[in-house]
Amino acid sequence: MKEQPNLSYIHQLSGGDKDFENKLLAVVNRELPEEAEIFLSNLKSGDFKEAASNVHKLKHKISILGLEESYCFAELYEDELREGINNRQAEFEEILQGMLIFIKS
Amino acid sequence: MKCLIIDDEATARMIINQLIQKNPNLELEQEFPNAMQAIKYLNQESADLIFLDIHMPDFTGFDFIQTLKTPPNVILTTSDKSFAIEAFEYDCIVDYLVKPITQERFDKAVQKAIKAKPSKKVEDPVSELNKTDNDLYVNIDRRLIKIDISSIYLIEAKGDYIHIKTFDKNYTVHSTLKKIADKLPDDLFLKIHRSFVINTKHIIDIEDNSVLIEKDVVPVSRSNRPELMKRLNLL
């Protein structure tokens, strides 16, 4: 079964502080769609180096949402993009989509 | 310990802020979304410890450290494991935290910072020049680049940087006009304005308030004009 986003890291970090959890999720909710959009726009314009930097930034949010396998996948994808290879776009977009749905729910 | 956070990602700043709140040894002074704002802050204020991201647009964490004469201790916070070796080339870096950061790992890094001595002075890009009689070495992107002093015809101060113009190439270095002027031979170089030092050998002509040097027209301030006139072999 495909791994699903979860809040275990955020719970661990907050120590039960719901106010902090809500504020953090609100910030992720604001930043994630923006970062995803910039990433897609860079891919569209063929700027793979910049897209790799975007993936690098997105990796932090992937890890915050407990997606360990996706994090490893993103590492590979980032390295490949830096070399001008873009073979993992569809799968990475699927990860992003799952995160966006999760964070909005 | 008074600390700062520098990270362009708001999520990361919020997480580090939370980790700081839970550590009794730390007191958060300020957080910054980019290195430039932090540099301005540190020109006026001090800090004991900085939590610093490496990957930031325009100015990386390493660039930031290089701009500080006496950086406080630094704990790097990054999603990239590959800079660990480079990180420990800097005396001021006491630990390297890979995101996502747990409280336990964070506290361990803070303990290292507490035990660490205050960091040593970082080599100034210009004052640490290996000056020989004819050459000047400037630190640009962690490389010491040799410049033949006689080829320099103009140095211009712009904010926290100086532009060094030579016949072949121009260089931008984080330093001040005074620091570089101190390293140059007095018989060749002269400050003619608060923002300009020129090599007097390369003057083409002088008008009332300006000097033509190569293709640059450089202003001469009233207070510096007498010294300039003294240098000229006037008929």
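1. A short note on the overall build of chain B
And then number 1: Across its full length, chain B holds seven helices and 15 strands.
And then number 2: Every one of the 235 residues in chain B was classed for burial, and the buried ones make up 37%.
And then number 3: Put simply, 50% of the contacts in chain B that link residues at least 6 apart link residues at least 24 apart.

2. Considerations on the sheet that holds strand E13 (residues 203-206) of chain B
All names here are of chain B.
And then number 1: Taken together, three strands build an open sheet; the order of strands is E13-E14-E15 and the sheet is antiparallel. Whereas interior strands pair on both sides, the edge strands pair on one side only; in this sheet they are E13 and strand E15 (216-219). Ignoring which end each strand starts from, the neighbouring axes of this sheet average 25° apart.

3. Re the pairing of strand E7 (residues 143-148) of chain B
Residue and element names in this part refer to chain B.
And then number 1: In terms of residue burial, E7 counts as a barely covered element, since only zero of its six residues are buried.
And then number 2: As paired strands, strand E6 (residues 135-140) and E7 are joined by six bridges and run antiparallel to one another. Considered in E7, the bridge of tyrosine 137 is made with lysine 146.

4. Re the packing of helix H2 (residues 18-44) of chain A against helix H1 (residues 10-21) of chain B
And then number 1: As a packed pair, H2 of chain A and H1 of chain B sit with axes 9 Å apart at the nearest point and diverge in direction by 160°. Taken together, H2 of chain A and H1 of chain B sit at an angle that is classed as roughly antiparallel. The hand of the H2 of chain A/H1 of chain B crossing is left-handed. When H2 of chain A is examined against H1 of chain B, the residues Phe20, Lys23, Leu24, Val27, Val28 and Glu31 of chain A are found in contact with a partner set consisting of Ala10, Thr11, Met14 and Gln18 of chain B.
And then number 2: Of the residues in the contact of H2 of chain A with H1 of chain B, the class split is six nonpolar, two polar and two charged.

5. Here we look at the sheet that holds strand E3 (residues 49-53) of chain B
Residue and element names in this part refer to chain B.
And then number 1: Overall, parallel pairing links the five strands, which are arranged E2-E1-E3-E4-E5 in an open sheet. Each having just a single partner strand, strand E2 (27-32) and strand E5 (93-98) make up the two edges of the open sheet. Adjacent strand axes in the sheet meet at a mean angle of 20°, parallel and antiparallel pairs treated alike.
And then number 2: Bridge analysis of E3 against strand E4 (residues 73-78) gives five bridges, and the strand direction is parallel. Paired with leucine 49 across the strands is asparagine 73, a residue of E4.
And then number 3: Docked against the sheet, helix H5 (residues 103-115) engages E3, E4 and E5, running at close to 170° with respect to E5.

6. What to know about the confidence of the model for chain B
All names here are of chain B.
And then number 1: Overall, the predicted model of chain B reaches an average pLDDT of 86, with 92% of residues at or above 70.
And then number 2: Here residues 123-132 scores under 50 on pLDDT; set against residues more than four positions off or in separate chains, the count is 26 contacts.
And then number 3: Two summary scores accompany this predicted model of the complex, namely pTM at 0.66 and ipTM at 0.93.

7. Some remarks on the interface of chain B and chain A
And then number 1: Each partner contributes residues to the interface: chain B has 13 residues there, and chain A has 17 residues.
And then number 2: Its residues assigned to classes, the side of chain B that touches chain A shows five nonpolar, five polar and three charged.

8. Side note on unusual backbone geometry
Residue and element names in this part refer to chain B.
And then number 1: Omega for the peptide link from lysine 99 to proline 100 comes to 0°, which places this bond in the cis form.
And then number 2: Along the chain, proline 100 turns up in the loop between E5 and H5.
And then number 3: The backbone of glutamate 214 shows a phi angle near 55°, a positive value even though the residue is not glycine.
And then number 4: Within the secondary structure layout, glutamate 214 lies in the loop between strand E14 (210-213) and E15.
And then number 5: Note on glutamate 214: 16 C-beta atoms within 10 Å, which makes it partly exposed.

9. Let's talk about H2 of chain A
And then number 1: Compared with the 39 Å implied by 1.5 Å per residue over 27 residues, the 39 Å span of H2 of chain A between its first and last C-alpha is a close match.
And then number 2: Among all positions of H2 of chain A, only Leu24, Val28, Leu32, Glu35 and Phe39 of chain A are buried.
And then number 3: Buried residues along H2 of chain A sit in contact with helix H1 (8-14), helix H3 (48-64) and helix H5 (89-104) of chain A together with H1 of chain B.
And then number 4: Positive backbone phi, approximately 80°, marks glycine 46 of chain A, located one or two places after H2 of chain A.

Reading the values: the criteria
Residues numbered from 1 in each chain as written. Chains lettered and ligands numbered in written order. Predicted model: local features only at pLDDT ≥ 70, side-chain atom pairs only at ≥ 80, totals over all residues. Helix = DSSP H or I, 4+ residues; strand = E, 2+ residues; numbered from the N terminus. Buried ≥ 20, exposed ≤ 12 C-beta atoms within 10 Å, placed from the backbone. Contact = placed C-beta atoms within 7 Å. Pairing = 2+ DSSP bridges. Axes fitted to C-alpha atoms, helices over the stretch in contact; angles between N-to-C directions. Parallel < 35°, antiparallel > 145°, perpendicular 65-115°, else oblique. Left-handed = near helix turned anticlockwise from the far one by under 90°. Nonpolar A, V, L, I, M, F, W, Y, C, P; charged D, E, K, R; others polar. pLDDT = per-residue confidence, 0-100. Expected span 1.5 Å × (residues − 1).

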